[in-house]
Amino acid sequence: MKGAILGDLDKCIKCGICTATCPVAAHKPGFSGPKHLGAELTRFSLDPQNPLEPEADYCCNCGSCQEACPSGVNISLLNVYYKSKLKEQQRWTNIRDSLLGRPAALAKIGSFNVGLTNFILRQQATKGLLEQSLALAQDRSFPQYAEESFTKWFARRRINASSKKVVYFLGCFTNYNRPITGKSVVNILEKHGFQVLVPKQGCCGLPLMANGYFTKGRQQGEANVKAIKPLLEQGFPIVSSCPSCTLMLKREYAEIFEIAGAEQLGLQVYDASEFLVKLKVEGQLDMDMKPLPYKLAYHAPCHLKLQGIGLPSYELLKLIPELEVFEIDRGCCGLSGSYGYKREKYEMSMAIGKKAFDRIREINSKYIATDCGGCGLQLHHGTNRQVVHPAELLWSSYEGLCSSMDNI
Ligand code: SF4
Ligand code: SF4
Ligand code: SF4
């Protein structure tokens with residue numbers, strides 16, 4: 001990783017544009033922003049004699065700085081490097097961050113008895129206990145687990161064999177918390193004649209990386225690349241409906257983790273809506289959509305924008321008859337995965353999201369759509385409106401399920 005870092009440090013022209021776009025720098029006094037943190041502090045940290053600055057832990061990994069940088073500096077790489085050095089320096093294991101970095105493991109434990117887990121997580125006493133013991137924000141609600149995970153649902157279905165195959169990387173949130181997103185993606189792909197393959201897969205590794213556990217996150221990435229490789233070699237496209245997972249597979253496995261074979265993976269990975277827009281361009285998208293007579297506010301997640309593919313979900317949603325779609329366009333929602341669940345970051349997370357919450361109230365739509373489960377939790381928390389994934393809306397439109405929007 002050091003070679004790549006040195007190259008990126010030298011690309012920085014010290015313009016400060018990254019800091020001007022950083023949502024944390026705008027809200028946290030004392031957080032000097034990515035120009036100082038990414039380029040300058042990282043260079044400083046290369047000498048082990050120099051002390052590290054703990055403020056770097058406030059970077060939420062949104063990537064807005066990287067998107068704005070005119071010199072193409074991989075600021076995410078610099079931030080990840082610095083945060084992992086901070087974690088290495090800590091004397092004691094941070095139990096909270098270590099747990100938050102492993103959503104799949106937590107979900108497996110929570111899924112032993114879904115009803116009981118969900119009941120416990122809803123209780124104010126539980127939240128109070130978790131705030132006291134693990135410094136989790138008491139005002140947050142934890143995402144509820146689904147009765148049946150996506151993978152269990154998928155395993156009991158009949159196989160829709162086809163010569164056109166596509167691999168689905170679902171992500172932990174879809175698997176354990178919101179399987180309806182995955183079901184909608186599978187249904188849409190099958191409607192277009194694809195056989196969907198779901199290889200054994202783990203978390204993409206982003207939560208570990210974002211919490212400073214670089215090596216463990218990389219191991220997670222290596223395991224996923226190994227599992228997908230045989231399908232990759234057959235030339236099948238890989239589709240993911242979670243923008244953070246997609247970004248990891250498309251770019252970060254190669255650029256940050258430097259995993260062998262990840263460059264090829266990156267070339268074959270598509271965001272689910274990007275894949276459907278591609279079908280539209282090729283004249284293969286089924287345009288027989290039924291009306292959804294609603295107003296909808298659409299939020300584009302930071303990790304989707306970082307992919308440089310425009311706003312494919314927004315394009316698709318605008319195809320649905322009678323659906324009035326308004327882009328929220330107010331930057332980062334402020335949650336950034338587990339970041340906004342931490343007690344010391346909660347207020348800032350809500351302050352960052354305020355512009356988006358206000359814009360949603362101004363649009364005054366009953367529903368919000370976003371591609372990221374985490375953004376969905378934050379936008380619901382900030383506005384108390386129902387949040388759906390664009391794939392769920394598209395499937396509802398194909399099936400003419402406009403009356404059941406409240407049940408999605
Ligand atoms: S990743 Fe986001 S929070 Fe971190 S320095 Fe860049 S803009 Fe700021
Ligand atoms: S935007 Fe890029 S070039 Fe400008 S200060 Fe930030 S990292 Fe350096
Ligand atoms: S980034 Fe994707 S795979 Fe990783 S925790 Fe989030 S939803 Fe799950």
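This text follows the structure it describes.
(A) Region of the structure containing the site of ligand 3. Residues in contact with ligand 3, as listed here, are Pro103, Gly171, Cys172, Phe173, Cys203, Cys204, Pro207, Cys242, Ser244 and Cys245. Going through the elements one at a time, helix H12 (172-177) and helix H16 (243-255) are the ones with two or more residues in the shell around ligand 3. Residue composition of the shell around ligand 3, by class: 8 nonpolar, 2 polar and no charged.

(B) Geometry of the environment of Gln144. Within the element layout of this structure, Gln144 appears in the loop between helix H10 (124-134) and helix H11 (150-155). Separated by 33 residues in sequence, Gln144 and Asn177 have C-alpha atoms that sit 6.1 Å apart. Contacts of Gln144, omitting those with residues within four sequence positions, involve Asn118, Leu121, Arg122 and Asn177. Here Asn118 takes part through its backbone oxygen, which lies 3.5 Å from a polar atom of the side chain of Gln144.

(C) Just the nonpolar core, in detail. Residues Ile238, Leu249, Tyr253 and Leu265 are the most contacted members of the largest nonpolar core, which totals 56 residues. With 6 residues, the single largest contributor to this core is helix H21 (residues 346-363). Other than its neighbours up to four places away in sequence, Tyr253 contacts Cys204, Gly221, Asn224, Val225, Met248, Glu258, Ile259, Ala262 and Leu265. Met289, Leu316, Leu393 and Leu394 belong to the second largest nonpolar core, which has 41 residues in total.

(D) Up close: the environment of Ala137. Positionally, Ala137 belongs in the loop between H10 and H11. Sequence-wise, Ala137 and Lys278 are 141 residues apart; in three dimensions their C-alpha atoms are separated by 41 Å. Not counting residues within four places of it along the chain, the set of residues in contact with Ala137 comprises Glu131, Gly340, Tyr341, Lys342, Arg343 and Tyr346.

(E) Structural detail: the pattern of salt bridges. For the structure shown, the criterion picks out 20 salt bridges. The partner of Asp57 in a salt bridge is Lys345, and the shortest N-O contact between them spans 2.8 Å. A residue pair is termed long-range when its members are at least 10 positions apart, and Asp57 in the loop between helix H4 (34-45) and helix H5 (64-68) and Lys345 in the loop between strand E6 (324-327) and H21 qualify at 288 residues. The partly exposed category is assigned to Asp57, whose relative accessible area is 23%. The class for Lys345 is buried, based on a relative accessible area of 0%. A salt bridge links Lys290 to Asp288; the shortest N-O distance between them is 3.8 Å. Residue classification places Asp288 among the partly exposed positions, given a relative accessible area of 48%. Salt bridges linked by common partners bring Asp57, Lys87, Arg96, Asp97, Lys342, Glu344 and Lys345 together as one network.

(F) Summary view of the packing of H21 against helix H22 (residues 373-383). At their nearest, the axes of H21 and H22 sit 9 Å apart, and the two run at 75 degrees to each other. Taken together, the axes of H21 and H22 lie roughly perpendicular to each other. Facing H21, whose interface residues are Tyr346, Ser349, Met350, Gly353, Ala356, Phe357, Ile360 and Arg361, H22 presents Gln378, Leu379, His381, Gly382 and Thr383. Residues belonging to the contact of H21 with H22 are distributed by class as follows: 6 nonpolar, 6 polar and 1 charged.

(G) Focus on the site of ligand 2. By nearness alone, every residue bordering ligand 2 is listed as Cys12, Ile13, Lys14, Cys15, Gly16, Cys18, Lys35, Cys69, Pro70, Ser71, Val73 and Ile75. Within the shell around ligand 2, the residues separate by chemical class into 8 nonpolar, 2 polar and 2 charged.

(H) Region of interest: the packing of helix H9 (residues 114-122) against H10. Following both chains from N to C, one finds H9 and H10 inclined at 70 degrees, their axes separated by 5 Å at the closest point. When the axes of H9 and H10 are compared, the pair comes out roughly perpendicular. Contact residues: H9 offers Ile120, Leu121 and Arg122, while H10 offers Gln124, Thr126 and Lys127. Taken together, the residues of the contact of H9 with H10 sort by class into 2 nonpolar, 2 polar and 2 charged.

(I) The state of the cysteines, seen in detail. Counted by the stated rule, this structure contains 0 disulfides. For Cys60, which is in no disulfide, the shortest distance to another cysteine sulfur is to Cys62 and amounts to 4.1 Å. Classification of Cys60 by relative accessible area gives buried; the value is 8%.

(J) Molecular detail of the sheet that holds strand E2 (residues 195-197). Here 4 strands make up an open sheet; going across it, the order is E2-E1-E3-E4 and the pairing parallel. Since the sheet does not close on itself, it has two edges, and those belong to E2 and strand E4 (269-271), each with one partner. Averaged over all adjacent pairs, the angle separating strand axes in this sheet is 35 degrees, with direction ignored. Sheet analysis places strand E1 (residues 165-169) next to strand E3 (residues 238-240), joined by 3 bridges and oriented parallel. By the bridge assignment for E3, Val167 is matched with Ile238. Docked against the sheet, H16 engages E1, E3 and E4, running at close to 155 degrees with respect to E4. Contacting E1, E3 and E4, helix H18 (residues 272-281) runs over the sheet at an angle of about 90 degrees to E4.

Rules of the game
- Residues numbered from 1 in each chain as written.
- Chains lettered and ligands numbered in written order.
- Predicted model: local features only at pLDDT ≥ 70, side-chain atom pairs only at ≥ 80, totals over all residues.
- Heavy atoms only, no water.
- Near = heavy atom within 4 Å.
- Helix = DSSP H or I, 4+ residues; strand = E, 2+ residues; numbered from the N terminus.
- Nonpolar A, V, L, I, M, F, W, Y, C, P; charged D, E, K, R; others polar.
- Contact = heavy atoms within 4.5 Å.
- Polar contact = N/O pair within 3.5 Å; in protein donor to acceptor, adjacent residues only side chain to side chain.
- Core = buried A, V, L, I, M, F, W, Y, C linked by side-chain atoms within 4.5 Å.
- Buried < 20%, exposed > 50% of the residue type's maximum accessible area, 1.4 Å probe, protein only.
- Salt bridge = Lys/Arg side-chain N within 4 Å of Asp/Glu carboxyl O.
- Axes fitted to C-alpha atoms, helices over the stretch in contact; angles between N-to-C directions.
- Parallel < 35°, antiparallel > 145°, perpendicular 65-115°, else oblique.
- Disulfide = S-S within 2.5 Å.
- Pairing = 2+ DSSP bridges.

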